[in-house]
Amino acid sequence: MKTIHTIDDIQKLTKQIRNQRQSIAFVPTMGNLHEGHLSLIKKAHNVADKVIVSIYVNQLQFGQNEDYKSYPRTLEKDLLLLQEHNTDIAYCPTSSEILPDGYENHTSIKVSSLDGMHCGKTRPNFFTGIATIVTKLFNIINPDYSVFGEKDYQQLLIIKKTVSDLLLPVKIISVPTARSKTGLALSSRNGYLSKEEIKNAPILYQTLRESMDTIMSGNYQYNIISRNANVALANAGMQPDYYNVVNRNNLLPATDSDTKIIILAAVTFGKARLIDNIQIDL
Ligand code: AMP
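**Topic: the overall build of the chain**
- Looking only at helices and strands, the chain features eleven helices and nine strands.
- The C-alpha extent of the chain, read off along each of the three principal axes, is 55 × 40 × 40 Å.
- Split into buried and exposed, the 282 residues of the chain put 51% on the buried side.
- For the chain, contacts bridging at least 24 residues in sequence account for 71% of all contacts bridging at least 6.
- When the accessible area of the chain is evaluated, it comes to approximately 13,900 Å², of which 48% is carbon and sulfur surface.

**Side note on the site of the ligand**
- For the ligand, the set of nearby residues contains 17 residues, the closest of which are M30, H37, D152, A178 and L186.
- Note that an oxygen atom of the ligand is positioned 2.9 Å from one of the backbone N or O atoms of G149.
- A distance of 2.8 Å separates a nitrogen atom of the ligand from a polar backbone atom of L186.
- Contact with the protein chains hides 92% of the accessible area of the ligand, taken as 490 Å² for the molecule alone.
- Where the shell around the ligand is concerned, the elements lending two or more residues are β2 (24-29), α2 (35-47) and β5 (145-149).
- Considering only residue class, the shell around the ligand consists of eight nonpolar, seven polar and two charged.

**Structural notes on the nonpolar core**
- Membership of the largest hydrophobic core comes to 44 residues, with the highest contact counts inside it found for Y91, F138 and L251.
- Per element, the largest residue contribution to this core is ten residues, and it comes from helix α7 (residues 126-141).

**Observations regarding the confidence of the model for the chain**
- With 100% of its residues at a pLDDT of at least 70, the chain reaches an overall mean of 97.
- Per-residue pLDDT, averaged within each element of the chain, yields its smallest value for helix α4 (residues 95-98) (95) and its largest for β5 (99).

**Considering the environment of I261**
- The residue I261 is located in strand β8 (residues 260-269) in this model.
- Classification of I261 as buried rests on a relative accessible area of 0%.
- Here the alpha-carbon distance between I261 and A234, two residues 27 residues apart in the chain, equals 24 Å.
- If we skip the residues at most four places from it in the chain, I261 touches I215, Y222, V245, V246, R248, A254, I278, Q279, I280 and L282.

Here is what the cut-offs are and how they apply
Residues numbered from 1 in each chain as written. Predicted model: local features only at pLDDT ≥ 70, side-chain atom pairs only at ≥ 80, totals over all residues. Heavy atoms only, no water. Helix = DSSP H or I, 4+ residues; strand = E, 2+ residues; numbered from the N terminus. Buried < 20%, exposed > 50% of the residue type's maximum accessible area, 1.4 Å probe, protein only. Contact = heavy atoms within 4.5 Å. Areas by Shrake-Rupley, 256 points an atom, 1.4 Å probe, with all protein chains shown as cover. Near = heavy atom within 4 Å. Polar contact = N/O pair within 3.5 Å; in protein donor to acceptor, adjacent residues only side chain to side chain. Nonpolar A, V, L, I, M, F, W, Y, C, P; charged D, E, K, R; others polar. Core = buried A, V, L, I, M, F, W, Y, C linked by side-chain atoms within 4.5 Å. pLDDT = per-residue confidence, 0-100.

Right, here's the structure in full:
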C-alpha cells in the first residue's frame with residue numbers, strides 16, 4: 001500500500017493506473033476506521049481494479065460548536081487496517097492543499113433540494129461542506145466509482161445529486177449499514193458513549209424496527225408513529241433531533257402513495273450525536 005499526502009503524488013499514481021487501463025474505486029472517510037468503513041472497502045474491491053481510501057477530517061462540514069478538534073484521529077491504526085484490507089493507496093491530504101485559503105471564503109456546492117431538511121436543519125453547513133470537499137476529492141482522483149454508506153442516507157443522496165447535476169464522471173455505489181450485534185449502527189462517534197450508554201444506544205435501532213413493524217402491519221399514520229418514537233427515545237434518555245418518515249428519493253414527508261420510504265432519525269445521547277435509518281418497501 002502506498003500512503004500519499006499530496007495532490008501531485010496521487011495524480012502521478014492515478015495516471016499510471018489509468019495508463020494500465022485499470023479502474024479506480026474511491027472511498028472517502030474521516031478515519032477512525034471501523035467495520036462500516038471496511039465494508040465499503042470490500043465493495044470497492046468488488047467493482048474496481050484499484051482501491052483508493054482517503055482519510056481527511058473535513059473542517060468544512062463541522063459547525064462552530066461541533067467536535068472538529070476532538071474528532072477521533074487514529075491515523076497509524078487506520079493505515080494498518082487499510083493495509084490489512086488490501087487498499088492500494090491511502091490518500092491523507094493536508095488542509096494546506098485542500099483548503100489553501102482557509103475555509104471561510106471557499107466556493108461551495110449546495111444541493112438546495114436536499115440540504116435544509118433533517119440533519120441539515122440543525123447543521124446548516126454540514127452537507128455543503130461534504131458536497132464541496134467530496135467533489136474536490138473526485139476532481140483530484142477522478143475515480144470510476146465511489147462508495148458510500150447507507151447509514152448516512154441524506155449524505156448519500158446529496159452526493160448522488162451533486163454527481164448527476166454537475167455531470168461528474170463517477171458512479172456512486174452504496175453499501176448497507178454495518179451494525180454491532182446489538183443493532184447499533186457503527187460510527188466513529190460511538191467512542192464518545194459511556195459503557196452504560198453503549199448498552200442503551202441500540203434503542204435507537206430497536207425503535208426504528210418497531211416503527212417499521214407498525215407501518216408494515218398497515219398503519220400509515222406517520223406523524224403519530226414519529227411522535228410515539230420520539231417519546232420512546234426521550235424515555236431512554238436520548239434527546240431526539242428528528243424522526244421523520246420520508247420518501248426515499250426526495251426525503252419529503254411520506255404520503256399514502258409512497259411505496260419506497262425510509263425513516264431517518266437523529267438523537268443526541270450523552271456526548272454523541274447518533275444517526276440511523278431504516279428502509280421500508282411497501
Ligand atoms: P465517515 O468516516 O464517518 O465520514 O464515513 C465515511 C464513509 O463510511 C461514509 O460513506 C459513511 O456513510 C460510511 N459509514 C460510516 N459508518 C458506516 C456504517 N456503520 N455502515 C456502513 N457505512 C458506514
